[in-house]
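# Survey of secondary and tertiary structure
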Amino acid sequence: MHEKKIVTVVGARPQFIKAAMVSKTLRIHNNEILLHTGQHYDYNMSKLFFEEMEIPEPDYNLGISGGSHARMTGEMMIAIEEVLLKEKPDGVLVYGDTNSTLAGALSATKLHIPVYHVEAGTRTHCRTNPEEINRICTDHISSVLFACTDLNMKELINEGLEKSSIISGDLMFDAYCHYSGYKRISDLQFPKLSGGYTSVNEDEYYYLTCHREENTKDDDCLLNILKAMNSLSYNTIYPVHPRNKERAERLVRENRLERIILIEPVGYIESLALLNGCKAVVTDSGGLQREAFFAEKKCVTVLNFAVWPETLVDGRNSLASPENIVDRLFEKQKINKGYLPFGDGKASVKIVDEINRFEL
Ligand code: UD1
Ligand code: UDP
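Residues numbered from 1 in each chain as written. Chains lettered and ligands numbered in written order. Predicted model: local features only at pLDDT ≥ 70, side-chain atom pairs only at ≥ 80, totals over all residues. Heavy atoms only, no water.

### Concerning the sheet that holds strand E12 (residues 260-263)
On the basis of which strands lie adjacent, the open sheet formed by 6 strands has the order E12-E11-E10-E13-E14-E15 and parallel pairing. Two strands lie at the open edges of the sheet, namely E12 and strand E15 (317-319), each paired on one side alone. This sheet shows a mean twist of 20 degrees between the axes of neighbouring strands, independent of strand direction. Inspection of the sheet shows strand E11 (residues 235-239) paired to E12 by 4 bridges, in the parallel sense. Within the sheet, the bridge partner assigned to Tyr-238 lies in E12 and is Leu-262. Against the sheet, helix H12 (residues 286-294) engages strand E10 (205-209), strand E13 (281-283), strand E14 (299-301) and E15, with an angle of about 160 degrees to E13. (Pairing = 2+ DSSP bridges. Helix = DSSP H or I, 4+ residues; strand = E, 2+ residues; numbered from the N terminus. Axes fitted to C-alpha atoms, helices over the stretch in contact; angles between N-to-C directions. Contact = heavy atoms within 4.5 Å.)

### Quick word on the nonpolar core
In terms of nonpolar packing, the biggest core is built from 62 residues, with Leu-93, Phe-190, Tyr-268 and Leu-274 touching the most fellow members. When residues of this core are assigned to their parent elements, the largest contribution, 7 residues, is made by helix H1 (residues 13-29). Ignoring sequence-local partners within four residues, the contact set of Phe-190 consists of Ile-185, Gly-196, Tyr-197, Thr-198, Val-200, Ile-237, Ile-263, Val-266, Glu-270 and Leu-274. Leu-232, Tyr-238, Ala-280 and Val-302 belong to the second largest nonpolar core, which has 27 residues in total. (Core = buried A, V, L, I, M, F, W, Y, C linked by side-chain atoms within 4.5 Å. Buried < 20%, exposed > 50% of the residue type's maximum accessible area, 1.4 Å probe, protein only.)

### Thoughts on the site of ligand 1
Close contacts around ligand 1 come from 18 residues, with His-40, Tyr-41, Glu-131, His-241 and Arg-243 the closest. A distance of 2.9 Å separates an oxygen atom of ligand 1 from a polar atom in the side chain of Gln-39. His-40 is positioned such that a nitrogen or oxygen atom in its side chain is 2.6 Å from an oxygen atom of ligand 1. Residue classes in the shell around ligand 1 are distributed as 6 nonpolar, 8 polar and 4 charged. (Near = heavy atom within 4 Å. Polar contact = N/O pair within 3.5 Å; in protein donor to acceptor, adjacent residues only side chain to side chain. Nonpolar A, V, L, I, M, F, W, Y, C, P; charged D, E, K, R; others polar.)

Dropping the structure here:
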């Protein structure tokens with residue numbers, strides 16, 4: 001096996017978590033060049049993850065963020081191409097479905113560099129969901145597709161991509177197995193958006209995350225979600241993505257939603273502590289709905305399309321509109337311990353083995 005030079009493209013919070021799980025193994029036999037597009041850039045959306053998970057410093061940070069989808073993706077492509085022309089890697093590794101994923105995959109493919117896509121085959125079948133376009137395009141131009149689950153593999157087979165696809169399991173499960181239990185909720189204090197700190201008691205709060213374009217682009221949808229959470233008899237703790245920080249603060253203040261505690265985005269290990277200590281999860285995050293499943297916490301997903309249908313079983317996760325969050329939340333879940341659709345927590349080993357083995 002010869003050493004390969006692999007450029008890994010990351011840019012958004014969930015990609016740092018996935019790269020953390022792969023980087024260590026990948027670097028045993030290969031030369032990894034880490035390229036951060038800059039899509040997420042606040043300390044607690046980016047550097048904090050590198051520090052907590054001991055991810056090596058990026059070799060490049062392109063500093064590209066915000067703006068329209070086309071502008072962000074286009075600017076990233078131009079800058080990534082320059083790096084690829086200079087580094088001449090044997091392959092480019094991309095994760096998930098963000099604009100950074102698509103930009104990395106397109107730039108590499110145009111230079112005839114093999115692309116490895118982790119988290120391939122996820123489909124919502126909703127073309128207005130911006131991530132759906134990124135996923136479909138990335139899958140169809142990649143050389144090796146890593147599917148998290150059987151269902152993802154089925155989608156890839158349906159699209160004629162069987163030959164280049166393998167089931168690796170889910171890196172989010174690897175990460176959960178590794179980092180869950182690092183911190184307990186009783187040891188933590190969280191910076192509130194309004195100033196000062198807050199702490200929470202185990203099993204006395206709901207954990208909310210909500211950042212998707214679909215839920216945060218105007219006041220109505222986010223306000224209805226917050227009102228539903230405020231009607232519950234325990235507080236809701238909500239680390240707010242910078243995308244909707246101002247809107248969330250204003251809505252909570254104007255509507256006196258006293259049971260909603262807005263905090264700054266937290267690190268991954270703190271997010272797992274919030275998850276493990278909560279009564280239940282309400283989210284629109286693809287990552288958090290899987291983590292709720294791993295932690296056997298009841299989850300309600302505020303979206304009208306399924307990102308991870310594997311979790312929508314036995315009342316464990318339910319899709320909801322803002323109007324029926326509370327009803328869904330009180331439906332009982334049943335845990336079947338033998339049902340493990342996300343692999344065995346060793347996806348990173350399978351991914352690196354396949355990258356090492358791959359020949360053009
Ligand atoms: C992106 C992904 C989404 C993923 C999410 C993970 C796309 C199309 N979407 O959405 O799939 O679920 O990341 O969290 O790529 N911002 C800051 N500080 C930051 C990061 C962002 O202020 O550290 C601002 C940006 O300037 C922008 C807004 O938040 O105005 C949205 O950021 P963007 O990266 O476009 O999309 P996300 O909502 O983060
Ligand atoms: N997360 C975090 N800090 C937070 C909120 C979420 O570390 O303040 C973690 C969460 O536990 C999960 C990941 O971020 O591991 C999910 O990322 P996000 O919701 O941003 O993106 P998505 O999964 O929807 O693409």
